[in-house]
Each structure stands twice: as C-alpha cells, then as structure tokens.
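Inside the fold
Letter by letter, the chains look like this.
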Amino acid sequence: MGYAIHWMIPSIPLPVAFGLAAILSPTDAVAVNALAGRIHLPKSLMHLLEGEALMNDASGLVAFKFATAAAVTGVFSLPKASVSFIVIAIGGLTVGTILASLITGIRYLLRRSGLEDETMHMLIHLLTPFALYLTAEELGLSGILAGVAGGVMHAVERDRSNKVRPRTNELSDNTWSVILFLLNGLVFVILGLQIPDVFSTIFSSPDFNNYEVLGYALIIFVMLIVLRFLWTLAFSRGGKVFGGSKNAEKFSFKILAMTSISGVRGAITLAGAFSIPLFIESGDPFPARSLVIFLAAVIILLSLLSASIVLPLLAKKEGGNHEAEREQMERKGQFKMMKAAIHAVQQAKNETNEAESAAVLTDYSRWIREFRPGSSSQGYRLLPKEEARLRFGALAIECEETRNLLAHGIISKKHADIFLRGLEQLELALSKSSHLWFVILKSATRSLKEMMFKRNENLSYKLSPTDREALRKIKYRTCSAVIEDYEKLCTGSTKNEAMDILNHYQQIKERLSKPYPMAEGFNEGNEEIKRDLHWIAIQAERDEVQRQYEFGEITRDIANGLRRMIRDREASILEQE
C-alpha cells in the first residue's frame, strides 16, 4: 500500500506513504460492534474482527512509529528496523504479561486479606494500562503491545473470577463502558471539529485539485478493501499453509465480502493521523501532513458509510429457515429476559421482603413454566390499530367515570387524584411511540398545573388499607362503566376486539368483587414492597433486552417486540394494584 500511494501521489514521500498505510491498517472494533447490534453479523465474524482490532491497533501503530521516524530523520535501515520491530514487539508483550500478572496477583492478595473495597480495585483497574504503557516505553519497548498483553491477562483473570464471584466485575464493566463511550465519542468530536480546517486547507490550496484528492481517497479505500479481500481469501482457501486444519471450512463469497467491508477505520486511524509532527528534524514542515490527515479522514468516513450501507444488505438472510430462526431468537430473548428479572429479584431479596420476593418470584416462575417453545401465544403481540383505539377509549371512559363520581361527591378528591394518576401511568405503559408524546405531554401538563396551583397533595403509594379499599371501589365502578359501554360494540364491525376488552374488564371486576384482605395481621406495607420488586424485575427485563440488542443476539424488531411485551406486563401490574 505504501508503494502504491507513493506511485499514485508522488508529492507524498515514500516514508510518509508507509506511515499513511500503517495508520490505515487498524480497524475499529467499537464501530463494528455498534453496527453489529442492528445488522446481526455472524458471531464467528465478530470474534475475528475483535481479535483483529486487538492486534492490528498495536502492530499498525508500531509500524506507523517507524515510518514517521524515518520521515522525520530521513534515515531508515530495513534490517535494523526489522530486528528492532521484533525486539520492541516481543519485549512489549513480555513486559505487559509480567506486569499484568503481578498486578493481578496483588489484587488477589488484597481480596484474600479482606480488602474488598470496590473503589480501590477500580482505581487499580484504571491505573493498570498507564503503568504497563509507561513502563514499556521507558524500557524502549512497545507500550501499546504491553497494554494488549495486559488486556489479555485481565480477560483470563476475569474468566477465572467469574466462576467464583460472578458479580465482582459489574462495577468495572459499567465504569469501562462509560470510559470507552466517552473516549470514542471524544475522538469523533475532535474529528468533527478538525475536518473543516483540514478540508479547507486542501480545498483552498492551489497545489491540489479538489476532485483529484477525493479520487485518491476513494482509490486508496478501494485498494484497502481489495487487499483485505485477497488476504482473507488466501487464509480461507489455503488455511493449511498458514497452520490451519486441512478440513477447514471454505467460506462463501458473501462471508469474505462481509469480512472485507467490515474493516471499519476509526479512532486509532484518526489519532495516529493527528499525531504526525508539524516539523521534521531539519526544521522544515512535515511533508504532505495536511494531505495525509485529509486522506485518513475521508477514508474513515467512506469505511463507515460503506459498512452502514452494504453490510445490512449482505447480512440479510434469504428465505429458507429465516422465520424459524427469528422465532427461535425471539424465544431465547424472552427466556433470558425473564431469567434476568428473577436474578434481579433474588439479588434484592432480604429479611424484610422475603414474603413479597417469594410472591414476585412465583409469578415469574409460573410465566416460565407456562412458556412453551414454539407456542405463538408466548410471543409478543402488537396491539392491532383498532384494538389499541378501543383500549385507550376504555381508559378514557374510566377517567370520565372517575370525574363524575368526584363531581357527585361519591369519592374524595384525594382518591380521585390517585386513581387518575394511576390511569395516566397505565396509558403511558400501553402507549406506542405514535401515542407516547401525547401521553407524556398530558402527564407533564397535569403535574405543572398541580405545581402552579399548589395542588400537589401527598399522592405517594404509602396507602392505608382504607385507601386501597376506596380505590378498589372506584375501579369496580369504572369497570362497570366500560363494560356497559362496550357491550353495545359487541355487535358491530369491531365485535372481536371489543369482546377481548370486555372480557378483560369483566375479569378485573370479578377479582375486585372478592373481599379485600383488611383482616387482622395484614401488613399494609407489603403491597408497596411487592410493587417495588416488580419494578426492579421490569427494569432488569429492559436492561437484558438492551444488552441482547447491543451484542447482536436479537434484531431491532425483536427487541422492540420484547419491549412491547414488557410494557404489557407493566400495564398488567398497574391494573392489579
């Protein structure tokens, strides 16, 4: 690539061309992971890309360091550079492995000594990469490769600790997730801030033709894809030559094309391009610095665009068992979602909420037992448009009936406000995105009025049994009003949908007709505790769906469907209260 760039653009010296080629070699695993969440790349390809990014970052930056040094000093010896590269690379890996092992041993001894403070262990986590990098650099070795070796050792230690202490890594996982998000976001903010200056320098310079430099970037990008395709083709067809198995699978053209396109350039390429020095050893400006940064920035954008456009087309499955695979993915996602809820409730269980925890766990255990693989009834169900309209119409009837009861003095204002607030929460839980903003706006308007007129009474859920009995009576009256209205609709064109809603309200009314447990020994706090545990479980379900989507275990439409199922369960819990 270096020779090709120098031949195509003679104004870029050969060492600088090698530097540009070196900095373009690392791929961005973060960008690929973001794409994988909605594209659903094969797991084998994701593992390949993650491993490639781990090593290419280091080797590409070390090669870039040599090329930049040659451009700055004007001195380069291939034999010396080759030996130096091996020494620096192996030495960096060795130092990283030894230091990471020592730090892991220290953390293990600290835990054995009873020092389980997560803040201290998190600080050790954060300082470890700096210690590895700086130590290796002081010894004249590769600090980047030392960091890579340290990351591998950390992964080994993590797998071992997970078997004994499955929750010890939660803090580090969340902290590193935030740090990685901030750092990668910062890199692309810098890219956005610098691109106008870089582009204006090139576009306004009389030394460059605007169309030519854009053409150069496009040609280099195409060469990268072609070279990547040929390299993966060589490995897939001649695996035994590179140490692979004789019976190694020969990948299809589609997989090879996906591997080639998924080599997205990103943060490392950008950071390397901006790290090019302004001047060489003689004091002259670094040759073609602005052009190199311009080409790197355009190639980053081209790789991101091509992956975003082409990968979904290549990853799209055709016919066959696509529907069966989709159903299997949905069932697995639902099962993991409910298991996550059970785990969250078990973690929240203590001496004060044993009975309530048992009740919530019983609910989820029953739902899992009722779960039958292949049963369509257990899948998520999006409300048809007509049924959704009737469902919200029923809620409107409940609101109207509540206001009528308040106007006639049958119920108190306190109970009416609490009940109406509950209906708003129920409406929010049932809402689709098209209806969601209206519900949120209505709820916000209500809260604003309460604040302005100082009518925000104590509407907390710490209710006495008398309060709960009053709310049950309101619900009974509103259910009767809905049933009376919807019985008239059971003969029209919407009779099936109206019948479903009618049955739903009849079941609620039948349950409310039973006496409320106000007897001696009733713990008035248990309903609040049980409700809180239900919300913990619901949030755990949402978190698990998001995790599965981010890791590419489910597609976007399945994730949306599972979230719809969670909202239905949330609505059911609200109605039971």
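For the structure itself, look to the data block above.
Anyway, here's the lowdown on the structure attached to this text. (Residues numbered from 1 in each chain as written. Predicted model: local features only at pLDDT ≥ 70, side-chain atom pairs only at ≥ 80, totals over all residues. Heavy atoms only, no water.)

As for the overall build of the protein chain
Helix and strand counts for the protein chain come out as 21 helices and zero strands. Taken over 577 residues, the protein chain has a buried fraction of 40%. Restricting to contacts in the protein chain with at least 6 residues of sequence separation, those with at least 24 account for 76%. Surface summary for the protein chain: the accessible area is close to 32,100 Å², and the carbon and sulfur share equals 62%. (Helix = DSSP H or I, 4+ residues; strand = E, 2+ residues; numbered from the N terminus. Buried < 20%, exposed > 50% of the residue type's maximum accessible area, 1.4 Å probe, protein only. Contact = heavy atoms within 4.5 Å. Areas by Shrake-Rupley, 256 points an atom, 1.4 Å probe, with all protein chains shown as cover.)

Comments concerning the side chain of H121
As for its placement among the helices and strands, H121 is situated in helix α6 (residues 118–138). Those residues in contact with H121 that lie beyond four places of it in its chain are R107, L110, R111, L115 and E116.

Considering helix α5 (residues 78–112)
For α5, which comprises 35 residues, the first-to-last C-alpha distance of 50 Å matches the rise-based estimate of 51 Å (1.5 Å per residue) to within 8%. Looking one or two places after α5, you find G114, whose phi comes out positive at around 95 degrees. (Expected span 1.5 Å × (residues − 1).)

Some words on the packing of aromatic side chains
Scanning the entire structure with this criterion turns up seven aromatic pairs. A ring pair is formed by F66 and F85, whose centres lie 6.3 Å apart and whose planes are at 45 degrees; its orientation type is tilted. Taken together, the positions of F66 in helix α4 (residues 43–73) and F85 in helix α5 put the pair 19 residues apart, joining distant regions of the chain. With centroids separated by 5.3 Å and ring planes inclined at 70 degrees, the aromatic side chains of W231 and F235 adopt a geometry described as edge-to-face. One end of the pair is W231 and the other is F235, both in helix α9 (residues 210–237) and four residues apart, which spans about a single turn. On the basis of relative accessibility, which here comes to 55%, the residue W231 falls in the exposed class. Linked through ring pairs, F199, F203 and F294 together constitute an aromatic cluster. (Phe/Tyr/Trp six-rings, centres within 6.5 Å; stacked < 30°, edge-to-face > 60°.)

With respect to the pattern of salt bridges
Across all of its chains, the model carries four salt bridges by this definition. Between E398 and K475 there is a salt bridge whose closest N-O contact spans 2.9 Å. Remark: K475 occurs in helix α18 (residues 465–486) and E398 occurs in helix α15 (residues 385–407); sequence separation between them is 77 residues. Salt-bridge contacts for R547 lead to E544; the nearest nitrogen and oxygen are separated by 2.9 Å. With R547 and E544 both in helix α20 (residues 526–550) and three residues apart, this pair spans about one turn of that helix. On the basis of relative accessibility, which here comes to 29%, the residue R547 falls in the partly exposed class. A residue is classified by how much of its surface remains accessible, and E544, at 12% relative accessible area, is buried. (Salt bridge = Lys/Arg side-chain N within 4 Å of Asp/Glu carboxyl O.)

Remarks on empty space enclosed by the protein
Tallied over the full model, the rule gives two cavities of 30 Å³ or more. The computed volume of the largest cavity comes to approximately 60 Å³. Along the walls of the largest cavity sit P15, V16, G19, L20, F64, A67, T68, A71, I276, F286 and V292, which together make up its complete lining. Among the elements of the structure, α2 (14–24) and α4 are those that each provide at least two residues to the lining of the largest cavity. Grouping the amino acids of the lining of the largest cavity by side-chain chemistry returns nine nonpolar, two polar and no charged. Approximately 30 Å³ is the volume found for the second largest cavity. In terms of lining, the second largest cavity is formed by F221, I225, S260, I261, G263, R265, S303 and S306. Elements supplying a minimum of two residues to the lining of the second largest cavity: α9, α10 (253–261) and α12 (289–315). Its residues assigned to classes, the lining of the second largest cavity shows three nonpolar, four polar and one charged. (1 Å grid on protein atoms, 1.4 Å probe; cavity = no way out; pocket = protein on both sides within 12 Å on 5 of 7 lines; lining within 4 Å. Points joined across faces, edges and corners; volume = space filled by probe spheres on them. Nonpolar A, V, L, I, M, F, W, Y, C, P; charged D, E, K, R; others polar.)

Here we look at the side chain of S142
Among the secondary structure elements, S142 is positioned in the loop between α6 and α7 (143–164). Dropping the residues within four chain positions of it, S142 is found in contact with V62, I88, G92, A136 and E137.

Overview of α9
Given a rise of 1.5 Å per residue, 28 residues ought to cover 40 Å, and the 41 Å separating the end C-alpha atoms of α9 matches this to within 8%. Where α9 starts, the residue carrying a side-chain oxygen 2.9 Å from the main-chain nitrogen of Y211 turns out to be N209. (Polar contact = N/O pair within 3.5 Å; in protein donor to acceptor, adjacent residues only side chain to side chain.)

A short note on the nonpolar core
With 51 residues, the main nonpolar core has I12, L20, I220, F294 and L295 as its most contacted residues. When contributions to this core are tallied by element, the ones reaching two or more residues are α1 (2–8), α2, α4, α8 (170–204), α9, α10, α11 (267–274) and α12. Examining the composition of this core, we find that 13 residues originate from one element, α12, more than from any other. Residues within four places of F294 in sequence aside, it is in contact with V198, F199, I202, F203, V213 and L214. The next biggest cluster of nonpolar side chains, apart from the first, holds 28 residues, and it includes C479, V482, L502 and L512. (Core = buried A, V, L, I, M, F, W, Y, C linked by side-chain atoms within 4.5 Å.)

What about the environment of E487?
With respect to the secondary-structure elements, E487 resides in the loop between α18 and α19 (495–512). Through-space distance from the C-alpha of E487 to that of L502 is 7.2 Å; in sequence the pair is 15 residues apart. Setting aside anything within four residues of it in sequence, one finds E487 in contact with L502 and Q506.

Considerations on unusual backbone geometry
Positive phi, normally seen in glycine, also occurs at A288, with a value near 60 degrees. Summarising the element assignment, A288 is placed in the loop between α11 and α12.

Details of the layout of surface pockets
By volume, the second largest pocket is sized at about 1,400 Å³. What lines the second largest pocket is a set of 38 residues, and nearest its centre among them are S25, E52, N56, L227 and W231. Within the residue set of the lining of the second largest pocket, elements represented by two or more residues are α2, α4, α5, α9 and α10. Per-element tally for the lining of the second largest pocket: the top contributor is α4, with 11 residues. Taken together, the residues of the lining of the second largest pocket sort by class into 24 nonpolar, 10 polar and four charged.

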